[in-house]
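# Reading the structure
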Amino acid sequence: VCASDLSSGINAEYGMIAGGGAPETELSIKLSQYAATLSGVESHCIKAFAESLEIVPFTLAENAGLPPINIVTELRNRHAMGEAMAGINVKKSCITNITEENVLQPLLVSISAITLASETVRAILKIDDIVNTR
C-alpha cells in the first residue's frame, strides 16, 4: 500500500479539510456560542471543551516559533469576523486563508482526535461522579 492509495481512500470517504488550526478554532467558536445559550453545568462543560480546542492552534504557533497568544487571539478574531478558513501559515508566519495555501488535513484525523478527547473527558467525569457519590 502506498501513500497515494491511503490518501485517496481518505478523500473518498471523508475528504480533506483546512489545516493550520482553522477547524479547531471554528469549532471552538461555534461551541462557545452554543454554550452561551445553555445554563448550569452543561454550559460550563461545553465552554471548557470549546476552550480546550484552542490548544491545537496554540501548539502549532508555539512549535513554529510564533507568539502563540498573539496568533491564537488573531485567529479567533478572524474566525469571529466570519473567516472560517483562516489558519496559521507557518511558512509566512501569519494568519492566511489556509485553503488558498493548500494546507489541508484529512477529516478523519480531526474526527478521531475530537472523538477520543470527548470519550476521555466523559470517562473522567464518570469517575469523578462515582467518587463523589460514595
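Here's what I pulled together on the structure shown here. Because the structure is a prediction, the values reported are computed rather than measured.

A few words on the packing of helix H4 (residues 55–63) against helix H5 (residues 68–80). At a closest axis distance of 8 Å, the pairing of H4 and H5 adopts a crossing angle of 135°. On the basis of their axis angle, the class for H4 and H5 is oblique. The hand of the H4/H5 crossing is right-handed. Within the contact between the two elements, H4 uses Pro57, Phe58, Ala61 and Glu62 and H5 uses Pro68, Ile69, Ile71, Val72 and Leu75.

For the rest of this paragraph, the subject is the side chain of Ser28. On the secondary structure map, Ser28 appears in helix H2 (residues 22–36). A relative accessible area of 2% places Ser28 in the buried class. Filtering out sequence-adjacent residues up to four positions away, Ser28 remains in contact with Ala50, Glu51, Leu53 and Glu54.

What counts as what
Residues numbered from 1 in each chain as written. Predicted model: local features only at pLDDT ≥ 70, side-chain atom pairs only at ≥ 80, totals over all residues. Heavy atoms only, no water. Axes fitted to C-alpha atoms, helices over the stretch in contact; angles between N-to-C directions. Helix = DSSP H or I, 4+ residues; strand = E, 2+ residues; numbered from the N terminus. Parallel < 35°, antiparallel > 145°, perpendicular 65-115°, else oblique. Left-handed = near helix turned anticlockwise from the far one by under 90°. Contact = heavy atoms within 4.5 Å. Buried < 20%, exposed > 50% of the residue type's maximum accessible area, 1.4 Å probe, protein only.

Geometric values such as these leave the question of function open.
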